[in-house]
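Topology and contacts: notes
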Amino acid sequence: MNLLNGKNGIIFGALNDMSIAWKTAEQAHAQGAGLVLTNAPVAMRMGAIQELAAACDNAPVIPADATSTEDLEALFQGAMDHFGGKVDFVLHSIGMSPNVRKGRHYTDLKYPWLQQTLDVSAISLHKTLQTAMKLDALSEWGSVVALTYIAAQRTFPDYNDMADAKSLLESITRSFGYHYGVANKVRVNSISQSPTMTTAGSGVKGFDEFMSYSESMSPLGNATGEACAEYCVAMFSDLTRYVTMQNLFHDGGFSSTGVSTEVISKFVKD
Ligand code: NAI
């Protein structure tokens, strides 16, 4: 369909071929986009990002820790040099909580780790947008998408401090979306995705059971990573130009379902 023909974008967060960012890069490339790929320098040593870059017409890979404004400046500058112009879309696909990783309970958080969770998983979106704005790096009608989870609105006990990070991420989406819309018609949205089997996802305690629960609570079933990538492409395209400052549920109907027949049937007494 060439939905992204002539557009150029930066994709954060492709760690391996399970990553939602990896699938989005593949789909964006297939729809005609030019790409620059980025991830934290440490993730790059572990990851297979060069393989993805080769599959996307040798897209440049520019390492950037998304909590470092210096790294982000070098990233946007490098991307503009490569594209010979501004950036049309950005995918923020970044999440990490030391408290989750190290199994700290939500009622016993280590606060320096909470700061890190918020910095990496939420404030990095603000830093990305502020850096882009200062460098005037995004085109008019440009589109920025950040990935989030419904734990921002409702409590899922094992999601831990990532829930607080996602609430902040969605708030930054709205607040910066206002200012960037007024300044340059840039739109900023978050996509709230079903649980998906990836490295970040499977770090959450009880994730397998949780995926099954979510599947049986969603009329369409859990949305896959591939389907999420397709939605991201739609949001980068010109077909969604007036959508901004939204949190968009991409979850097979989970967010609007109180209870499903499948789940309630488990409580029927003999
Ligand atoms: P993933 O583990 O493949 O991706 C997370 C990425 O964040 C990795 O590439 C990692 O290197 C990157 N990252 C961590 N710290 C960074 C830093 N300081 N600077 C730059 N990048 C850094 O996992 P997944 O699931 O593809 O995660 C992508 C996004 O989707 C995250 O925001 C996640 O919270 C969100 N999400 C995931 C769901 C799931 O069930 N997998 C559900 C809903 C949202």
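Nothing here was measured: the structure is a model prediction, and the numbers come from that model. (Residues numbered from 1 in each chain as written. Predicted model: local features only at pLDDT ≥ 70, side-chain atom pairs only at ≥ 80, totals over all residues. Heavy atoms only, no water.)

Examining the overall build of the protein chain
Along its length, the protein chain carries 11 helices and 6 strands. In terms of overall dimensions, the protein chain is globule-like: its C-alpha atoms have a radius of gyration of 18 Å, near the 18 Å expected for 270 residues. Summarising its shape, the C-alpha atoms of the protein chain cover approximately 70 × 45 × 40 Å along the three principal directions. Looking at the protein chain alone, contacts between residues at least 24 apart form 77% of all its contacts between residues at least 6 apart. As presented, the protein chain carries roughly 12,700 Å² of accessible surface, and 53% of it is formed by carbon and sulfur atoms. Computed over 19 positive and 27 negative side-chain charges, the inter-centroid distance for the protein chain is 6 Å. (Helix = DSSP H or I, 4+ residues; strand = E, 2+ residues; numbered from the N terminus. Rg over C-alpha atoms; globule rule 2.2 N^0.38 Å. Contact = heavy atoms within 4.5 Å. Areas by Shrake-Rupley, 256 points an atom, 1.4 Å probe, with all protein chains shown as cover. Lys, Arg positive; Asp, Glu negative; His and termini not counted. Charge placed at Lys NZ, Arg CZ, Asp CG, Glu CD.)

Description of the site of the ligand
Within the structure, the ligand sits among 27 residues, and Ser19, Asn39, Lys166, Thr196 and Thr198 are positioned closest to it. A distance of 3.0 Å is found between an oxygen atom of the ligand and a backbone nitrogen or oxygen belonging to Ile20. The side chain of Thr198 places a nitrogen or oxygen atom 2.5 Å from an oxygen atom of the ligand. Calculation on the ligand without its partners gives an accessible area of 820 Å², and the protein chains cover 93% of this total. When residues of the shell around the ligand are traced back to their parent elements, those giving at least two are strand E4 (138-148) and helix H8 (199-202). Of the residues in the shell around the ligand, the class split is 13 nonpolar, 12 polar and 2 charged. (Near = heavy atom within 4 Å. Polar contact = N/O pair within 3.5 Å; in protein donor to acceptor, adjacent residues only side chain to side chain. Nonpolar A, V, L, I, M, F, W, Y, C, P; charged D, E, K, R; others polar.)

Some details on unusual backbone geometry
We note that Asp136 has phi near 50°; this positive angle belongs to a residue other than glycine. Relative to the helices and strands, Asp136 resides in the loop between helix H6 (111-134) and E4. Look at Trp141: it is not a glycine, yet its phi comes out positive at around 65°. Examined against the element boundaries, Trp141 turns out to sit in strand E4.

Some thoughts on helix H10 (residues 225-236)
Here H10 spans 17 Å end to end across 12 residues, near enough to the 16 Å set by a 1.5 Å rise per residue. Gly225, Cys228, Ala229, Cys232, Val233, Met235 and Phe236 are the residues of H10 that are buried. Along H10, the residues classed as buried sweep out an arc of 160° about the axis, all on the same side. Along its buried surface, H10 packs onto helix H1 (20-30), strand E3 (87-92), E4, strand E5 (187-193) and strand E6 (247-250). (Expected span 1.5 Å × (residues − 1). Buried < 20%, exposed > 50% of the residue type's maximum accessible area, 1.4 Å probe, protein only. Arc of directions from axis to C-beta.)

Quick notes on the sheet that holds E6
Pairing is parallel in the open sheet, where 6 strands are placed in the order E2-E1-E3-E4-E5-E6. Each having just a single partner strand, strand E2 (34-38) and E6 make up the two edges of the open sheet. Neighbour-to-neighbour, the strand axes of the sheet open up by a mean angle of 20°, direction not taken into account. One ladder, built from 4 bridges, connects E5 with E6; its direction is parallel. Pairing of Ile191 across the sheet is with Leu248, part of E6. Across the face of the sheet, helix H7 (residues 162-184) comes into contact with E3, E4, E5 and E6 while running at roughly 175° to E4. (Pairing = 2+ DSSP bridges. Axes fitted to C-alpha atoms, helices over the stretch in contact; angles between N-to-C directions.)

Overview of the nonpolar core
Formed by 31 residues in total, the largest nonpolar core has its most connected members in Ile10, Phe12, Leu75, Phe76, Val87, Leu138 and Val144. Listed by contribution, the elements that provide at least two residues to this core are strand E1 (8-12), helix H4 (69-83), E3, H6, E4 and H7. The element contributing the most residues to this core is H4, with 6 residues. In this structure Leu138 touches Phe76, Lys86, Val87, Val90, Ala132, Val144, Tyr180, Asn184 and Val186, once residues within four positions along its chain are discounted. In this structure, Ile20, Leu52, Val145 and Val233 belong to the second largest nonpolar core, which totals 29 residues. (Core = buried A, V, L, I, M, F, W, Y, C linked by side-chain atoms within 4.5 Å.)

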